[in-house]
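Per-entry structural report
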Amino acid sequence: AGRISFVIMSFYLGDRFTSATVVVLILESFYITELLISPLVGSFSDRIGRRPFLLLSPLLAAIATTGMLFVTQLFPHPNVHVINPGLVFFLLILLAERLIEGVSAGMSVPATLGYITDVSKGSERLRVRVMTAFEIVTVAGITLAIPFGGKISSVMGTRGFLVVIGIYLLSLLLIRTGMKESVSQHEMSQHHGSLLTSLAVIKHKRIFTFLPAWFSVNALVGSWTTLILIMLAYPDPAADARHPH
């Protein structure tokens, strides 16, 4: 859902703004809040459970997507050639909605991984299998969402955000009705140290050694997907001239 939203917003902005910098700043702001909030949620979910964050995540994302749907329908063709307070306010709204989507992702991923860890206790083989499946599904979802989101954008425009909202609400319903909390009250009460103490786990040698590779791979994937979408949103004018529609 998040990647489809990313694609729809890419085409919306790419069709209206000649500045790739503006487009990229709005799109990629998502990762700022995701990066900042993920370690906090990882720690807090040990204290209050995984389920609250897994419920709040799709709800926040649905609210943010509804805001993007509303503002893009309200301003289908904003005047981007004149910088004025109205245009700045419009861009700030889109930026805020993308930041909220980032918060949603920052809640979902660590809480999900924590949940998988909880329910696979006692079986390392099961944990490896489920973690592997989680990563495969995540990568497949990101990959398939690009052409799927492009098709939705071409057919529905920004009304395609309704599809995204529907996916988020379906996720919320499934978690609400089919998932039980994986952290017991006893385990929650054990995690009463300070937040800084919880985050100190990052100093663990294995984790500290792994982080550079993890950041590099994610940066590479993020740059690649953004480049692909920018190329789609800004087609070569020379090619259009050679092959007129």
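One structure accompanies this document, and this report is about it. Remember, predicted model here, so these are calculated numbers, not experimental data. (Residues numbered from 1 in each chain as written. Predicted model: local features only at pLDDT ≥ 70, side-chain atom pairs only at ≥ 80, totals over all residues. Heavy atoms only, no water.)

A separate point is the nonpolar core. Among the nonpolar cores identified, the biggest contains 26 residues, and Met9, Leu13, Phe17, Phe90 and Leu94 are the most heavily contacted of them. Mapped by element, the contributors of at least two residues to this core are helix H1 (2–16), helix H2 (20–28), helix H4 (51–74), helix H5 (85–119), helix H6 (124–156) and helix H7 (161–178). Sorting elements by how many residues they give to this core places H1 first, with six residues. Counting 10 residues, the second largest nonpolar core, distinct from the first, contains Ile37, Leu55, Leu172 and Met179. (Core = buried A, V, L, I, M, F, W, Y, C linked by side-chain atoms within 4.5 Å. Buried < 20%, exposed > 50% of the residue type's maximum accessible area, 1.4 Å probe, protein only. Helix = DSSP H or I, 4+ residues; strand = E, 2+ residues; numbered from the N terminus.)

The next subject is the packing of aromatic side chains. One pass over the full model with this rule turns up three aromatic pairs. Taken together, a centroid distance of 5.1 Å and an interplanar angle of 75 degrees make the contact between Phe30 and Tyr31 edge-to-face. Overall, Phe30 belongs to the buried group, its relative accessible area being 12%. The exposure class of Tyr31 is partly exposed, given its relative accessible area of 26%. Its end group placed over the ring of Phe6, Arg3 keeps NZ or CZ at 4.7 Å from the ring centre. (Phe/Tyr/Trp six-rings, centres within 6.5 Å; stacked < 30°, edge-to-face > 60°. Lys NZ or Arg CZ within 6 Å of the ring centre and 35° of its normal.)

A packed helix pair is summarised by two numbers, namely the angle formed by the two axes and the spacing between the axes. Relative to each other, helix H3 (residues 30–48) and H5 sit at 35 degrees, their axes nearing to 7 Å. The handedness of the crossing between H3 and H5 is right-handed. Packed against H3, whose contacting residues are Phe30, Thr33, Glu34, Ile37, Ser38, Val41 and Gly42, the element H5 presents Arg98, Leu99, Glu101, Gly102, Val103, Ala105, Gly106, Met107, Val109 and Pro110 at the interface. When the residues that make up the contact of H3 with H5 are grouped by side-chain class, the tally is nine nonpolar, five polar and three charged. (Axes fitted to C-alpha atoms, helices over the stretch in contact; angles between N-to-C directions. Left-handed = near helix turned anticlockwise from the far one by under 90°. Contact = heavy atoms within 4.5 Å. Nonpolar A, V, L, I, M, F, W, Y, C, P; charged D, E, K, R; others polar.)

So, on to the packing of H2 against H3. At a closest axis distance of 4 Å, the pairing of H2 and H3 adopts a crossing angle of 30 degrees. The angle between H2 and H3 places the two elements in the roughly parallel class. Of H3, the residues touching H2 (which contributes Ile26, Leu27 and Glu28) are Phe30, Tyr31 and Ile32. Of the residues in the contact of H2 with H3, the class split is five nonpolar, no polar and one charged. (Parallel < 35°, antiparallel > 145°, perpendicular 65-115°, else oblique.)

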